[in-house]
Amino acid sequence: MTRLRTTGTAACAVLLAVAALTGCNRESNGAGGGKVGIDMPRTDTDFWNSYQQYLEKGIDKGTVSALPLSNSQNDIGKLVANVQAFTDQGAKAVIMAPQDTGAISSTLEQLEKKKIPVVSVDTRPDSGKVYMVVRADNRAYGTKACEYLGEKLGGKGRIAELQGDLSSINGRDRSQAFASCMKKKYPGIKVHELPTDWKGDVASAKLQSLLAQHKDVNGIYMQAGGAFLQPTLALLEQKRLLKPAGSDKHITIISNDGIPEELDAIRSGKIDATLSQPADLYAQWALNYAKAALDGKTFKPGPTDHGSKIVKIENGLEDQLPAPLVTKENVDDKKLWANQLEKK
């Protein structure tokens, strides 16, 4: 996870430092700037709270001039209303993270008609033009989680998969990739798919029901540690199933997010691994791309010098940021964003 370091180089390199940048405008204010409307998808998980903190730091540094942040609370109706409020207040660009990636299409079409560019963070809208999507390769999440569990369990066992919202591209990508990998590489492992809508209480209830039916569950894949970690660990502790890594009857657990609590759980042996979703880079590049859009800059597919790759999608471009696997071996790596947060 390479962090951008500003130097005295050319202005366009300071702004984005992206190898795939074309037509760089050397005037810092480009097309005249303007206010950016930013919607938080939710603030009830550690991952999204960290993302918001990084956004606020970037705004304070003057990356963009932003309207007050809104919070759609995982509700597409609220997101649509918040975006309308942004346009009413004169927003010239919008940053959003739509959790229902199908229902946002009409709103994106309206923004396109108004020539308001959109940066979508973490999720890729199914249709509707976007200037740039900033996310990690979520299919890689599912595949890496599958391979980790498959190897740790020796290709045999029973796994509970706490899925996200399957109406979300992230939930679908992770679930489909995980299922495909398991079917191809580890047919001896039985996978129980438990849709949760990204809700911790739903995940806990479904896992409790599964554990009551099957005493031999020896693996868990949590698609969102920010939502699922605490309720899952609490349930396992209540059932006296929370055995430390390396001990007899330990349930192997891999998660997605890379929040500080997950890293602490790896250190203590409560879970085994996570895939670190870069909250810092999500915020950094969302703001940088919003600024680039206001400045009239354009991009093309190809590798970047911040360790990612821009790919062409049907409705725009996507910058796929790296999401490293974190285990006990590298949990203290200072490059992980969760290890860079200030201690409270």
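From a predicted model like this one, the values you see are computed outputs, not experimental measurements.

Moving on to the overall build of the protein. Assigned secondary structure in the protein consists of 10 helices and 17 strands. A buried classification covers 53% of the 344 residues belonging to the protein. Considering only contacts within the protein whose residues lie at least 6 apart along the sequence, 72% involve residues at least 24 apart. Of the accessible surface of the protein, which amounts to about 15000 Å², a share of 48% is contributed by carbon and sulfur atoms.

Here we come to unusual backbone geometry. For residues that are not glycine, phi is negative in most cases, and the peptide bond is trans in most cases. The residue Gln-73 is not glycine, and still its phi comes out positive at about 55°. One can find Gln-73 in the loop between β4 (70–71) and α3 (76–88). With a relative accessible area of 47%, Gln-73 lands in the partly exposed category. Positioned with a positive phi, Lys-249 is a non-glycine residue whose angle comes to about 65°. Checked against the element boundaries, Lys-249 lands in the loop between α8 (225–238) and β11 (252–257). Residue classification places Lys-249 among the exposed positions, given a relative accessible area of 67%.

It is worth spelling out the state of the cysteines at this point. What the rule picks out here adds up to 1 disulfide. The disulfide partner of Cys-146 is Cys-181, and the S-S distance across this bridge is 2.1 Å. For the disulfide bridge between Cys-146 and Cys-181, the dihedral angle about the S-S bond is near -75°, and by the sign convention the bridge is left-handed. Linking Cys-146 in helix α5 (residues 138–152) with Cys-181 in helix α6 (residues 169–185), this pair joins segments that are 35 residues apart in sequence. For the pair shown, Cys-146 and Cys-181 are each scored as buried.

The next thing to look at is the nonpolar core. If you look at soluble globular proteins, the nonpolar side chains tend to sit buried side by side. Among the nonpolar cores identified, the biggest contains 84 residues, and Tyr-51, Ile-95, Val-119, Ile-220, Tyr-282 and Tyr-289 are the most heavily contacted of them. Tallying contributions element by element places helix α10 (residues 279–294) first for this core, with 12 residues. Discounting chain neighbours no more than four positions away, the residues touching Tyr-282 are Phe-47, Tyr-51, Val-121, Asp-122, Val-134, Arg-135, Ala-136, Tyr-141, Gln-277 and Leu-321. In terms of nonpolar packing, the next biggest core, distinct from the first, is built from 16 residues, Leu-79, Phe-86, Leu-111 and Ile-116 among them.

It is worth spelling out the packing of aromatic side chains at this point. Counted by the stated rule, this structure contains 9 aromatic pairs. Residues Phe-47 and Trp-337 carry aromatic rings whose centres are separated by 6.2 Å and whose planes lie at 75° to one another, so their mutual orientation is edge-to-face. Here Phe-47 is found in helix α2 (residues 46–60), whereas its partner Trp-337 is found in the segment after β17 (325–326), with 290 residues between them in sequence. Here the aromatic residues Phe-47, Trp-48, Tyr-51, Tyr-54, Tyr-282 and Trp-337 are joined through ring pairs into a cluster of three or more.

Its location among the elements puts Gln-163 in strand β8 (residues 157–163). Accessibility expressed as a relative area gives 3% for Gln-163, which makes it buried. Leave out the neighbours within four places in its chain, and Gln-163 touches Ser-175, Glu-193, Leu-194, Pro-195, Thr-196, Asp-197, Gln-223 and Phe-228.

All right, on to the sheet that holds strand β9 (residues 189–195) then. Sheet architecture is open: 6 strands sit in the order β9-β8-β10-β11-β12-β17, paired in mixed fashion. Edge positions in the open sheet fall to β9 and β17, since each of these has one partner strand only. Bridge analysis of β11 against strand β12 (residues 273–276) gives 4 bridges, and the strand direction is parallel. From the neighbouring strand, Asp-257 faces β12, where its bridge partner is Ser-276.

Before going further, it helps to examine the packing of α8 against helix α9 (residues 260–267). Here α8 crosses α9 at 45°, and the two axes come no closer than 9 Å. Classed by the angle they form, the pair α8 and α9 counts as oblique. The interaxial crossing formed by α8 with α9 has left-handed handedness. Along the contact surface, α8 presents Gly-225, Leu-229, Gln-230 and Leu-233, while α9 presents Glu-261, Glu-262 and Ala-265. Residues of the contact of α8 with α9, tallied by class, amount to 3 nonpolar, 2 polar and 2 charged.

Reading guide: rules and limits
- Residues numbered from 1 in each chain as written.
- Predicted model: local features only at pLDDT ≥ 70, side-chain atom pairs only at ≥ 80, totals over all residues.
- Heavy atoms only, no water.
- Helix = DSSP H or I, 4+ residues; strand = E, 2+ residues; numbered from the N terminus.
- Buried < 20%, exposed > 50% of the residue type's maximum accessible area, 1.4 Å probe, protein only.
- Contact = heavy atoms within 4.5 Å.
- Areas by Shrake-Rupley, 256 points an atom, 1.4 Å probe, with all protein chains shown as cover.
- Disulfide = S-S within 2.5 Å.
- Core = buried A, V, L, I, M, F, W, Y, C linked by side-chain atoms within 4.5 Å.
- Phe/Tyr/Trp six-rings, centres within 6.5 Å; stacked < 30°, edge-to-face > 60°.
- Pairing = 2+ DSSP bridges.
- Axes fitted to C-alpha atoms, helices over the stretch in contact; angles between N-to-C directions.
- Parallel < 35°, antiparallel > 145°, perpendicular 65-115°, else oblique.
- Left-handed = near helix turned anticlockwise from the far one by under 90°.
- Nonpolar A, V, L, I, M, F, W, Y, C, P; charged D, E, K, R; others polar.

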